[in-house]
Every structure is written in C-alpha cells, then in structure tokens.
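# Results of the structural survey
The primary structure of each chain is shown beneath.
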Amino acid sequence: MNYPESINWLFAQLPMYQRVGQSAYKADLDATLQLANYLENPEKSFKSIHVAGTNGKGSTSHMLASVFQEAGYKTGLYTSPHLKDFRERIKINGKMIPEENVSEFVTVHKSFFEKNKLSFFEMTVGLAFDFFRKEKVDIAIIEVGMGGRLDSTNIITPQVSVITNIGLDHTQFLGNTLAAIASEKGGIIKPKIPVIIGETNQETKPVFEKIAAEKNTIIAFADMFDSSGYISDLKGSYQQKNIKTVLKTLTILQEKGWVISEENIKIGLLNTIKNTGLMGRWQYLSESPRIICDTAHNKEGLLLVIEQLKNEGFERLHIVLGVVNDKDLDSVLPLFPKNATYYFCKPSIPRGLEASLLLTKARGFGLVGEEYISVKRAYIAASEAASANDLVFVGGSTFVVAEIL
C-alpha cells in the first residue's frame, strides 16, 4: 500500500474517537497489550515521559520535547489529535514520521490489525512506539490520548509521569466529578516513578496523594514553583501554568541524571514552535485585521482563552465558532462575550454539531450572529467584515481550527 492508501485505510477501517465519538472507545488495554506483544514490546526499548491532563498536555509535551532537543537528545514526540497531517502525531526532533514508514507499517501488519479489530488509536500508538524503537530515540514524550488508566499509551514505564490539571471533559467516559476524572488520569502513576501535578485543586489533590502513596512514589505540585524569568514562544498567558509544570518536571529529570542546562531550558521554551512545529495555541494568523485561533474546547480551557481575549485591545470582536455534538453547551456558551458578532459553523467531521443548532442554543445565552455552511465560509465572512482595528477569534473545537490553518 502507498501512503494515501495506508492513511485512508487507517481512517476508514475502524471508528476513531476524535471523529465519531463514543463508539470508538475501548474500556480496557487488552488489545494494546496484545499488539505490543506482537510487535515485541517496542515500548520497553526507549525512555519516556508520560503526560496526561484535561488541558495543557499538548503544550507541555511540546515544550518538554523542545528542551530535550536543545539539550542534544534525540527526542521522540507522540501527540494527538493532528490538525492537518496525520504524521504530526509522531515526530523525532520536530520532523514528522516519513510517509514510507507509515505505509510500510500498515502494509506489513494489516492482517493482524484486521484479525484483532484494533482501533485507530491502538494502531497509531503501535506505529509510534515501533518507529521510536527503530530510530533509537534517547527519550520520547508521550501524550495521553484521553483519560490515562485505560489509554493505549499506558503501557510505558516512564522516567516521570505528568498530569497537568483536571477539568470536566469526556465525562461520559471518565466520570462526572473532578475526583472521578482525577482517579482515571491518575492511572498513569506507576510504582516508584515520580509524578508531577500541574495544578493543585482541593477536590483532586487527595486523590493524587492517595494513588502516589499506594504506588510508593514521590508527588510534587508544580503550581508552587517559581517560573519568573521563563517565557515561551507559545503566546497564551495560560501557558505560564504549563511552564511551571515543565520546569518542575525538568528538575526531577535532572536529579535522575539527564544533562539539561539552564540555557537549554530557556532556549527550548523560547523555540517550542520552531523546534516542534506545534500549531493552534493562541496562534496569530493575521495582523490587520488581527486574527487569532486556539484549539481550547472545554470549559476550563475556554475560560482561560476568553479571559485573554477580553484583555486584547480591539474595536469590534468577531468570533468564528463551531463545536462537536457531545459538548456541554450549557456550561460552555455562558463563557463567551455578548459584545461580539458570531459566525456559527459546523466542523467537517461526523461529530460536528450543526451550525443551525449551535445558533439556536447560542441565542439563548445572548450571543448574536449568523450560521454558515462551512468553517471556511464563516472564516471568510468574519475576515471580510473585520476592519483593521478589529479582532477575529477562531475556536470552539480543534477541528474548526484545523480547517483554517
């Protein structure tokens, strides 16, 4: 199979959570362990850092990768979902996995995948771990897909586990309280492997401390860490929380013998986008009018992004907004400012919520605007309506952002 055929097969063969939702979710690690055994356990061949959390895990993973690259380590990076190209999910030193590696992996193992009904995510994790083994990476930063305990990535034994924060997202799978979700994400905590928690929360702190005690491991809370003097090229003010998490994680790794200098850290943080190719985090698309996009898509993430929006100077605010159909709109829509013009649209995936339904729901919260037949049409309309001193924001879903990049 060539690369387009391999990718089409991966996408079409089996349901994928990011596109179709709950029907793609598997509540155990059996198939992942079966695949790892079949591939002769590539996850045991490289050192790793495991990163979970409701928000910030992607930015944190990319910052860590950038610092390790600056320190001269051959650095693997596994993240999800991708924005434009499937290969964004699997990188070494900022370079995407070659197309031929993807097509070869699918061609060689396709019959095993079909026989064992592996999910898209399981196959992709297998591809990443196999690639990192073949390329002999020094370390791999592995971002959890969803949750932690039952996530396909949770077969590694990392140098350190990181949990950025806990919010009410994916409640249909992970539980509907912060404590329940913390318990699921805390499933990545391993015996005697240090764990860093990005944000202290009175409801989740006891959960993490209990798991850490049971696993006989060190736990540290990063929000107590002084991050003054450290800045990143990831521009959202909310990135300061992620920087604290990265800094605390690096101190643990330095104690473990990883050679990372102060200069490596500062330059790594400042060159995260350049070193890793990360997109969609408070990303500027235009200066006149100012156009900014961000992939924040749950209550906690959107709260931070909208606070930052309010601090931006503009004459008029235009918001291109689309969401997926399992989003809790009653908790999300009240966050959005009423003094904006809205351009409602549906991301082009099966899970996308119809723009007409979003418009109707938004009107109930005092949000005024029109519906558009596509993200592109909404984006063009907002861009054309905006004057030089206006601000256009594009967001609500990773998939909306992906369509305009």
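Described below are features of the structure shown in this document.

## A closer look at the overall build of the protein chain
When helices and strands are tallied, the protein chain shows 17 helices and 14 strands. Taken over C-alpha atoms, the radius of gyration comes to 21 Å for the protein chain, in line with the 22 Å a tight globule of 405 residues would show. Within the span of the protein chain, comprising 405 residues, buried residues form 57% of the whole. Within the protein chain, contacts between residues separated by at least 24 positions form 76% of all contacts whose residues are at least 6 apart in sequence. When the accessible area of the protein chain is evaluated, it comes to approximately 16500 Å², of which 50% is carbon and sulfur surface. Taken together, the 44 basic and 45 acidic charged side chains of the protein chain have centroids lying 2 Å from each other.

## A word on the packing of helix α4 (residues 57–70) against helix α10 (residues 239–255)
A packed helix pair is summarised by two numbers, namely the angle formed by the two axes and the spacing between the axes. Here α4 crosses α10 at 45 degrees, and the two axes come no closer than 9 Å. What the angle tells us is that α4 and α10 run oblique. Pair α4 / α10 crosses with right-handed handedness. Judged by residue contacts, Ser59, Thr60, Met63, Leu64, Val67 and Phe68 of α4 engage Gln239, Asn242, Ile243, Thr245, Val246, Thr249, Leu250 and Leu253 from α10. Tallied by class, the residues present in the contact of α4 with α10 amount to eight nonpolar, six polar and no charged.

## A few points about the nonpolar core
By size, the foremost hydrophobic cluster in this structure holds 34 residues, and its most contacted members are Leu10 and Phe132. Elements with a contribution of two residues or more to this core: α1 (3–13), α3 (30–38), β3 (90–92), α5 (99–116), α6 (120–134) and β5 (139–143). Not counting chain neighbours up to four residues away, the residues in contact with leucine 10 comprise Phe86, Val102, Val106, Phe120 and Met123. One finds Val51, Leu64, Val67 and Leu250 within the second-largest nonpolar core, a separate group that totals 29 residues.

## Brief notes about the packing of α3 against α6
The contact between α3 and α6 brings their axes to 10 Å, and the two run at 30 degrees. It follows from the interaxial angle that α3 and α6 lie roughly parallel. Judged by the sense of rotation from one axis to the other, the crossing of α3 with α6 is right-handed. Facing α3, whose interface residues are Ala31, Thr32 and Leu35, α6 presents Glu122, Met123 and Gly126. Here the residues of the contact of α3 with α6 sort into three nonpolar, two polar and one charged.

## Thoughts on the pairing of strand β13 (residues 368–371)
Direction of pairing for strand β12 (residues 340–344) relative to β13: parallel, over a ladder of four bridges. Opposite phenylalanine 344, over in β13, you have glutamate 371 as the bridge partner. A crossover connection joins β12 to the parallel β13 through helix α15 (residues 355–363); in handedness this β-α-β unit is right-handed.

## Topic: the pattern of salt bridges
For side chains bearing opposite charge, pairing can occur when the charged atoms are close. Evaluation of the coordinates by the stated rule reveals 14 salt bridges. For the salt bridge of aspartate 390 with arginine 316, the shortest nitrogen-to-oxygen distance reads 3.0 Å. Of this pair, aspartate 390 sits in the loop between α16 (375–385) and β14 (391–395) while arginine 316 sits in the loop between α13 (299–310) and β11 (317–321), and the two are 74 residues apart along the sequence. Each of Asp130, Arg133 and Lys134 takes part in a single network of salt bridges with overlapping partners.

## What about α13?
In this model, α13 (twelve residues) spans 16 Å end to end at C-alpha, consistent with the 16 Å of a helix rising 1.5 Å per residue. Looking at α13, one finds that the buried residues are Gly301, Leu302, Val305, Ile306, Gln308 and Leu309. On an axial view of α13, the arc spanned by its buried residues comes to 155 degrees, and they lie on one face. Contact partners of the buried residues in α13: β11, α14 (329–332) and β14.

## Topic: the packing of aromatic side chains
Two numbers describe a pair of aromatic rings. These are the distance of the centres and the angle of the planes. This model, assessed by the stated rule, comprises 17 aromatic pairs. With a centroid separation of 5.6 Å and an interplanar angle of 70 degrees, the aromatic rings of phenylalanine 46 and phenylalanine 129 are classed as edge-to-face. On the criterion of sequence distance, the pair formed by phenylalanine 46 in the loop between α3 and β1 (47–52) and phenylalanine 129 in helix α6 is long-range, its members being 83 residues apart. You'll find phenylalanine 46 and phenylalanine 129 in the same group, each marked buried. An angle of 80 degrees between the planes, with centres 5.9 Å apart, marks the rings of phenylalanine 86 and phenylalanine 120 as edge-to-face. Remark: phenylalanine 120 occurs in helix α6 and phenylalanine 86 occurs in the loop between β2 (75–78) and β3; sequence separation between them is 34 residues. Phenylalanine 120 shares its class with phenylalanine 86; the two are buried. One aromatic cluster is present, formed by Phe46, Phe129, Phe131 and Phe132 through successive ring pairs. A cation over an aromatic ring shows up here: lysine 266 above the ring of tyrosine 230, its NZ or CZ 5.3 Å from the ring centre.

## Let's talk about the sheet that holds strand β10 (residues 290–293)
Read from one edge of the open sheet, six strands run β9-β10-β14-β11-β12-β13, paired in mixed fashion. The sheet terminates laterally at β9 (283–287) and β13, the two strands that pair on one side only. Between one strand and the next, the sheet's axes are offset by a mean angle of 20 degrees, whatever the strand orientation. Relative to β10, β9 is paired through four bridges, and the arrangement is antiparallel.

## Points about the state of the cysteines
Tallied over the full model, the rule gives zero disulfides. Unpaired in this structure, cysteine 293 has its nearest cysteine sulfur neighbour in cysteine 345, at a distance of 13 Å.

Rules used throughout
Residues numbered from 1 in each chain as written. Predicted model: local features only at pLDDT ≥ 70, side-chain atom pairs only at ≥ 80, totals over all residues. Heavy atoms only, no water. Helix = DSSP H or I, 4+ residues; strand = E, 2+ residues; numbered from the N terminus. Rg over C-alpha atoms; globule rule 2.2 N^0.38 Å. Buried < 20%, exposed > 50% of the residue type's maximum accessible area, 1.4 Å probe, protein only. Contact = heavy atoms within 4.5 Å. Areas by Shrake-Rupley, 256 points an atom, 1.4 Å probe, with all protein chains shown as cover. Lys, Arg positive; Asp, Glu negative; His and termini not counted. Charge placed at Lys NZ, Arg CZ, Asp CG, Glu CD. Axes fitted to C-alpha atoms, helices over the stretch in contact; angles between N-to-C directions. Parallel < 35°, antiparallel > 145°, perpendicular 65-115°, else oblique. Left-handed = near helix turned anticlockwise from the far one by under 90°. Nonpolar A, V, L, I, M, F, W, Y, C, P; charged D, E, K, R; others polar. Core = buried A, V, L, I, M, F, W, Y, C linked by side-chain atoms within 4.5 Å. Pairing = 2+ DSSP bridges. Right-handed = clockwise from strand over helix to strand, strands pointing away. Salt bridge = Lys/Arg side-chain N within 4 Å of Asp/Glu carboxyl O. Expected span 1.5 Å × (residues − 1). Arc of directions from axis to C-beta. Phe/Tyr/Trp six-rings, centres within 6.5 Å; stacked < 30°, edge-to-face > 60°. Lys NZ or Arg CZ within 6 Å of the ring centre and 35° of its normal. Disulfide = S-S within 2.5 Å.

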